[in-house]
Amino acid sequence: MKKLFCTLFIALFCAVSHAQVNTKIAQLFDRLNESSGKVYIHKIGGQKRPIRLEYYTGFSDNSDTHPSLGNPVVDSLQREMKKTTLKKIADVRNTIDELQEEAVETYRYEHHCNGNDTIFYSMNFCRDTARVRKYPTNYPKVPFPCFDSDENLYFWYLRHLDRAYHGLLVYRVALPQPDFLDATYTKETLTADIQRLFKQYHIKPRKALWQHDKAYSDTVWRDNDYNYAVRTQIDNCLEGVTDATIYTVPRDQEQLLREIHEKLYNLALNYTNIQNELYYDFNYNATFNGSSYWDYMLRTYDINSSPTSSDYKIGISQDDFGFHYVIAQTKGTLWVPNDWPSLKSIINGKKTYFKGMEPSKQSSGLLNLLKKDK
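This section reports on the structure supplied with the text. (Residues numbered from 1 in each chain as written. Predicted model: local features only at pLDDT ≥ 70, side-chain atom pairs only at ≥ 80, totals over all residues. Heavy atoms only, no water.)

As for the overall build of the chain
No. 1: When helices and strands are counted, the chain shows seven helices and 18 strands.
No. 2: For the chain, the proportion of its 374 residues judged to be buried stands at 46%.
No. 3: Long-range pairs, those at least 24 residues apart, make up 66% of the contacts in the chain with a sequence separation of at least 6.
No. 4: Total accessible area on the chain stands at roughly 20,000 Å², and carbon and sulfur atoms take up 52% of it. (Helix = DSSP H or I, 4+ residues; strand = E, 2+ residues; numbered from the N terminus. Buried < 20%, exposed > 50% of the residue type's maximum accessible area, 1.4 Å probe, protein only. Contact = heavy atoms within 4.5 Å. Areas by Shrake-Rupley, 256 points an atom, 1.4 Å probe, with all protein chains shown as cover.)

Right, dumping it as structure tokens:
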């Protein structure tokens, strides 16, 4: 799998090099990534909005939520977890302090009392005031502004009601407008190119349907934890229909997977170089995960969403059957079934499976047992 993403990291480096990424911030994200804090990098834009590169990473420490069990090994692991998180937070704060002279405008809020910490920073690096827009945030319970500018950063870290600490660091920088924007490269063209790509490698598509009407959605939305892994809610509208096309690369075909992944990656990235009427979000470091969760490589949608808005995603995942790619086109709200690579259809909870991909009796028995225990 390491070989698979080697070329993609080179492509990512080339993309990032076209943006004027702040060196200190880039080095900070490198250090956070090396300390097992995954850094996400996205290209976002469309609908007359500027094209931007977005870095972000999360922080979490739940060591205080678990009382000491008297087990020296467990207690040591909890202390080490807290130590690691605090080291990351210190690194972020030190870097932000170093950036003070470079920032045009900075907001800072810190509150430390009886072991409870609340930290919030917001920074704007853009000197073109015509391109700076402030918008207030009441989270975390302080009305400080965030910036919508060509280069900005914000960071928060605080204790939640569950006594665990959570935080987020986000950095956005504008990418230069492409010299050539192909207004003819649409979602339909992209989908056709993806179809030709897999056909070239003799991988057949599997058509799937995921559908749920309003009556069913209202009934199970809060209760059906075991049926759906990802839910995208639009304006409190729960019903929706998704037409999905699934392609699967066998698990033992790593060279084939690498070739297909690189070409699909470039097709999806090329789609972001158009005069796009839809908003898009391209994930540079999408990775394969278990079948109960997918990672998306590309998403396009109307940022002013409505219950009839169209949502288009290229998702990836893996399980015992292989490495899966899905092209999902949704009207309404997208629910992704946990076992989506194997499902031919799921309509209001009723499932049919692709031949040869039915769940084993053993796995079904385990699922039933989990439901009973719940």
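What to know about the pairing of strand 1 (residues 40-46)
Remember that side chains alternate between the two faces of the sheet whenever the strand is regular.
No. 1: Of all seven residues in strand 1, six are buried; the element is thus mostly enclosed.
No. 2: By the bridge criterion, six bridges tie strand 1 to strand 2 (residues 49-61) in an arrangement that is antiparallel. If you follow Y40 over to strand 2, its bridge partner there is Y56.
No. 3: Counting the residues in the hairpin turn of strand 1 and strand 2 gives two residues, including Q47, whose phi is positive at 50°.
No. 4: Note: strand 1 against strand 12 (residues 279-283), five bridges, orientation antiparallel. Its bridge partner lying in strand 12, G46 is registered against Y279. (Pairing = 2+ DSSP bridges.)

So, the nonpolar core
No. 1: Residues F155, L169, L190, I194, I260, I314 and Y325 are the most contacted members of the largest nonpolar core, which totals 60 residues.
No. 2: Among the elements that make up this core, the one with the highest residue count is helix 6 (residues 254-271) (nine residues).
No. 3: Ignoring any residue separated from it by four or fewer positions in sequence, one finds I260 in contact with L197, F198, Y201, I203, V249 and Y325.
No. 4: Residues Y228, V326, L334 and I346 belong to the second largest nonpolar core, which totals 18 residues. (Core = buried A, V, L, I, M, F, W, Y, C linked by side-chain atoms within 4.5 Å.)

Some points on the environment of Q255
No. 1: The residue Q255 is located in helix 6 in this model.
No. 2: In this structure the side chain of Q255 is engaged in a polar contact, spanning 3.1 Å, whose partner is the side chain of E259. (Polar contact = N/O pair within 3.5 Å; in protein donor to acceptor, adjacent residues only side chain to side chain.)

Description of the packing of aromatic side chains
No. 1: Following the criterion strictly, the structure yields 20 aromatic pairs and no others.
No. 2: Members of the aromatic cluster, joined through ring pairs, are Y107, Y109, F120, F144 and F147.
No. 3: Lying across the ring of Y301, R299 places its NZ or CZ 3.8 Å from the centre. (Phe/Tyr/Trp six-rings, centres within 6.5 Å; stacked < 30°, edge-to-face > 60°. Lys NZ or Arg CZ within 6 Å of the ring centre and 35° of its normal.)

Focus on the side chain of S217
No. 1: Tracing the chain through its elements places S217 in helix 5 (residues 214-220).
No. 2: With a relative accessible area of 0%, S217 lands in the buried category.
No. 3: Setting aside anything within four residues of it in sequence, one finds S217 in contact with H212, L238, E239 and W335.

Brief notes about helix 6
No. 1: Over its 18 residues, helix 6 extends 26 Å from the first C-alpha to the last, a length consistent with the 26 Å expected when each residue adds 1.5 Å.
No. 2: The complete set of buried residues in helix 6 reads L256, L257, I260, H261, E262, L264, Y265, L267, A268, L269 and Y271. (Expected span 1.5 Å × (residues − 1).)

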